[in-house]
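# Fold and contact review
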Amino acid sequence: LVKIRKNLIPIFVIIICVYAMYLRIRHLYGHTLWVDELFYLRPSEGTFLEFLRDIPKIEFCSYLSGDLFIFYPFFKIFSYDKWGLSIPSIIATVAGFYLLYLICKRYFKTIWAYLIAFLIVCFNATLIFHATEIRTYAFLPTIALAALYIFHKLADVEFNLNRSRRIQATIFFILVIWFHVYGILMFLLGLLYVVLFKPGDSNYKACIKNAARFAVPVLFIAMPFWLYCIFGPHLRYGHFNMTTFDYIPSPICDPIGFIKSVIGNLVGYKVLYVFLPGIIMPLFVFNKDRIKQLLFLSLLIIAPIALIFLLDIIQNYWFIQRQFVWVIPFFAFFVGWTWDSLLVLCGDMDRKGMPSPK
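Residues numbered from 1 in each chain as written. Predicted model: local features only at pLDDT ≥ 70, side-chain atom pairs only at ≥ 80, totals over all residues. Heavy atoms only, no water.

### Here's the deal with a nonpolar patch on the surface
The cut-off we apply is this: Residues enter patches when they are more than 30% accessible in relative terms and free of salt bridges; like-charged ones are connected within 9 Å and nonpolar ones (Val, Leu, Ile, Met, Phe, Trp, Tyr) within 5 Å. Note on areas: Shrake-Rupley, 1.4 Å probe, and residue coverage restricted to the protein chains presented here. Salt bridges, as used here, are contacts in which a Lys or Arg side-chain nitrogen is within 4 Å of a carboxyl oxygen on Asp or Glu. Think of it in three bands: with a 1.4 Å probe and only protein chains considered, a residue is buried below 20% of the maximum accessible area for its type, exposed above 50%, and partly exposed in between.
A surface patch of nonpolar side chains, about 360 Å² in accessible area, is lined by Ile77, Phe78, Ile87 and Ile91. Residue Phe78 is classed as partly exposed on the basis of its relative accessible area, which comes to 30%.

### A short note on the packing of aromatic side chains
In plain terms, the rule: Pairing of aromatic side chains requires ring centres within 6.5 Å, counting the rings of Phe and Tyr and the six-membered ring of Trp. Pairs whose planes differ by under 30 degrees are stacked, by over 60 edge-to-face, and all others tilted. Helix numbering and strand numbering both begin at the N terminus, where a helix is a DSSP run of H or I of at least 4 residues and a strand a DSSP run of E of at least 2.
Following the criterion strictly, the structure yields 41 aromatic pairs and no others. An angle of 70 degrees between the planes, with centres 4.7 Å apart, marks the rings of Tyr107 and Trp337 as edge-to-face. Of this pair, Tyr107 sits in helix α7 (residues 87–107) while Trp337 sits in helix α17 (residues 328–351); the two residues are 230 residues apart in sequence, bridging distant segments of the chain. Here Tyr107 matches Trp337 in class, with each residue buried. An aromatic cluster is present here, built from Tyr101, Tyr107, Phe108, Tyr114, Tyr193, Phe197, Phe296, Phe330, Phe333, Phe334 and Trp337 joined pairwise through their rings.

### Structural notes on the environment of Val335
Spelled out, the test is: Residues are treated as being in contact if the distance between any of their heavy atoms lies within 4.5 Å.
Positionally, Val335 belongs in helix α17. With 198 residues separating them along the chain, Val335 and Tyr137 place their C-alpha atoms 22 Å apart. Those residues in contact with Val335 that lie beyond four places of it in its chain are Ile116, Ile120 and Phe275.

### What about empty space enclosed by the protein?
Filter applied, for reference: Cavity means a closed set of points on a 1 Å grid over the protein atoms alone, one where a 1.4 Å probe fits but cannot get out, pocket means an open set with protein on both sides within 12 Å along at least 5 of 7 lines, and lining means a residue has an atom within 4 Å of a point. Grid points are joined across faces, edges and corners, and a volume is the space filled by probe spheres set on the points. Lys, Arg, Asp and Glu make up the charged group, whereas Ala, Val, Leu, Ile, Met, Phe, Trp, Tyr, Cys and Pro make up the nonpolar group; the residues left over, Gly among them, are polar.
On inspection of all chains with the given rule, the structure shows two cavities of 30 Å³ or more. In terms of lining, the largest cavity is formed by 17 residues, of which the most central are Thr93, Phe97, Leu127, Pro141 and Thr142. Of all the elements, α7 adds the most residues to the lining of the largest cavity, at five residues. A per-class count over the lining of the largest cavity returns 12 nonpolar, four polar and one charged. What the second largest cavity holds in volume is close to 60 Å³. What lines the second largest cavity is simply Ala144, Ala147, Leu148, Leu185, Met186, Leu189, Gly190, Leu299, Leu300, Pro304, Trp326 and Phe330. Listed by contribution, the elements that provide at least two residues to the lining of the second largest cavity are α10 (140–156), α12 (183–196) and α16 (290–315). Ranked by residue count, the leading element in the lining of the second largest cavity is α12, at four residues. Partitioning the lining of the second largest cavity into residue classes produces 11 nonpolar, one polar and no charged.

### A few points about the pattern of salt bridges
Enumeration according to the criterion identifies six salt bridges in this entry. In this structure, the salt-bridge partner of Asp36 is Arg135, at a minimum N-O distance of 3.1 Å. One end of the pair, Asp36, is in helix α3 (residues 35–41); the other, Arg135, is in the loop between α9 (125–131) and α10, with 99 residues separating them in the sequence. On the basis of relative accessible area, Arg135 is assigned to the buried category, the value being 10%. Note that Arg322 is salt-bridged to Asp36, the shortest N-O span being 3.5 Å. Of this pair, Arg322 sits in the loop between α16 and α17 while Asp36 sits in helix α3, and the two are 286 residues apart along the sequence. Look at Asp36 and you get partly exposed, because its relative accessible area is 23%. By sharing partners, the salt bridges in this structure join Asp36, Arg135 and Arg322 into a single network.

### Quick notes on the layout of surface pockets
There is about 310 Å³ of room inside the second largest pocket. Those elements that place two or more of their residues in the lining of the second largest pocket are α14 (255–267) and α16. When grouped by side-chain class, the residues that make up the lining of the second largest pocket number 13 nonpolar, no polar and no charged.

### What about the side chain of Thr93?
We apply this condition: Under this definition, polar contacts are N or O atom pairs within 3.5 Å; protein pairs additionally need one hydrogen-donor-capable and one acceptor-capable atom, and for neighbouring residues in sequence, both atoms have to be side-chain atoms.
Mapped onto the secondary structure, Thr93 falls in helix α7. A polar side-chain atom of Thr93 sits 3.3 Å from the main-chain carbonyl oxygen of Ala131. Excluding anything up to four places from it in sequence, Thr93 contacts Met21, Arg24, Ala131 and Thr142.

### Section: the nonpolar core
General note: in soluble globular proteins, nonpolar side chains tend to be found buried as a group. In plain terms, the rule: Definition of nonpolar core: a set of buried residues of the types Ala, Val, Leu, Ile, Met, Phe, Trp, Tyr and Cys, connected through side-chain atoms within 4.5 Å.
Counting 128 residues, the largest nonpolar core has Phe159, Tyr193, Phe214, Phe296, Ile301 and Trp326 as its most contacted members. If sequence neighbours within four positions are ignored, Phe214 has contacts with Phe151, Leu154, Phe159, Leu161, Arg166, Ala169, Thr170, Phe173 and Phe187.

### Section: α12
Count 3.6 residues to each turn of an α-helix, and residues three or four apart come out pointing the same way. Selection rule: What a helix should span is 1.5 Å times the count of its residues minus one.
Between its first and last C-alpha, α12 extends 20 Å over 14 residues, near the 20 Å set by a 1.5 Å rise per residue. The buried fraction of α12 amounts to 11 of the 14 residues, a majority that puts the element mostly inside the structure. Those residues of α12 that fall on the buried side of the exposure criterion are Gly183, Ile184, Leu185, Met186, Phe187, Leu189, Gly190, Leu191, Tyr193, Val194 and Val195.

### Section: unusual backbone geometry
Phi angles above zero are rare outside glycine, and Ser79 is one such case at about 55 degrees. Looking at the secondary structure, you find Ser79 in the loop between α5 (66–78) and α6 (82–85). Look at Phe159: it is not a glycine, yet its phi comes out positive at around 60 degrees. Looking at the secondary structure, you find Phe159 in the loop between α10 and α11 (163–179). For Phe159, a relative accessible area of 0% gives the class buried.

Dropping the structure here:
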């Protein structure tokens with residue numbers, strides 16, 4: 001009984017994650033490979049050289065399609081069998097749950113925060129749909145979480161790394177940037193967050209200096225190939241007849257509808273809308289983490305969605321929830337964090353004999 005009580009949080013998290021995987025497998029059971037997936041897998045039918053030649057013909061960002069290289073060997077083994085092809089997506093999803101738990105452990109103090117964060121991730125309709133899809137969106141949430149977790153580990157030592165760890169971290173973030181066009185956002189915004197997160201530390205200046213020394217080689221190596229994939233041969237956006245606001249209302253014509261659509265997709269399950277007050281809580285609840293929470297909200301939730309939205313307008317591409325699927329775990333964590341802060345604050349006030357807010 002004592003062991004169960006001490007491990008109550010991981011037990012609850014595991015139960016929720018198991019049920020979350022059940023929902024995702026159940027979706028896969030009733031799913032048939034659809035036109036986007038079939039189109040996406042077409043280059044894998046040929047030899048590896050033909051595969052490399054054909055990627056720019058079907059991808060908007062050419063070789064910034066790391067998932068295609070993951071799916072390629074599985075396609076050669078399983079062909080168009082959805083169960084075999086979904087193996088890497090399922091592994092990535094499980095890894096994402098674990099990474100989210102590790103990040104939560106760094107911040108949360110109450111079991112309720114874990115429940116809120118993991119319930120949002122568990123029942124989010126967008127995450128469920130894409131978790132076993134044969135597309136890049138199955139991997140992006142896990143990659144974003146991995147990038148943030150590694151940045152925290154680097155910030156713990158003020159980016160002062162020995163040669164071996166520096167090489168490993170550099171390779172990891174180069175691969176993050178090359179995996180998908182949004183990889184550069186995961187890198188730059190995650191780096192900015194953990195660096196700005198540390199003011200007040202005695203070694204803050206050293207941390208900034210070390211972080212810059214780490215980031216410059218990563219960008220120096222990664223950006224030439226990234227730029228080639230963006231501006232070199234690739235599928236043109238004009239190839240399809242699309243309008244930016246086909247799926248989500250325009251913020252000019254219907255600002256309330258736009259905000260409701262974005263936030264609704266971030267939560268992904270109406271029953272959990274009850275936790276939405278957590279979004280604005282840092283503005284009114286003066287806890288010690290409120291500045292950090294506002295920084296997290298600004299850099300890792302609002303900024304990537306706003307940048308994606310801006311790029312969609314420029315390119316006349318759909319603004320659609322799958323593009324910010326990798327922000328959803330950050331949003332779930334943020335909502336859990338804000339409620340955690342409120343509960344801790346109320347507990348502190350009770351212990352001091354002060355009336356807790358109703």
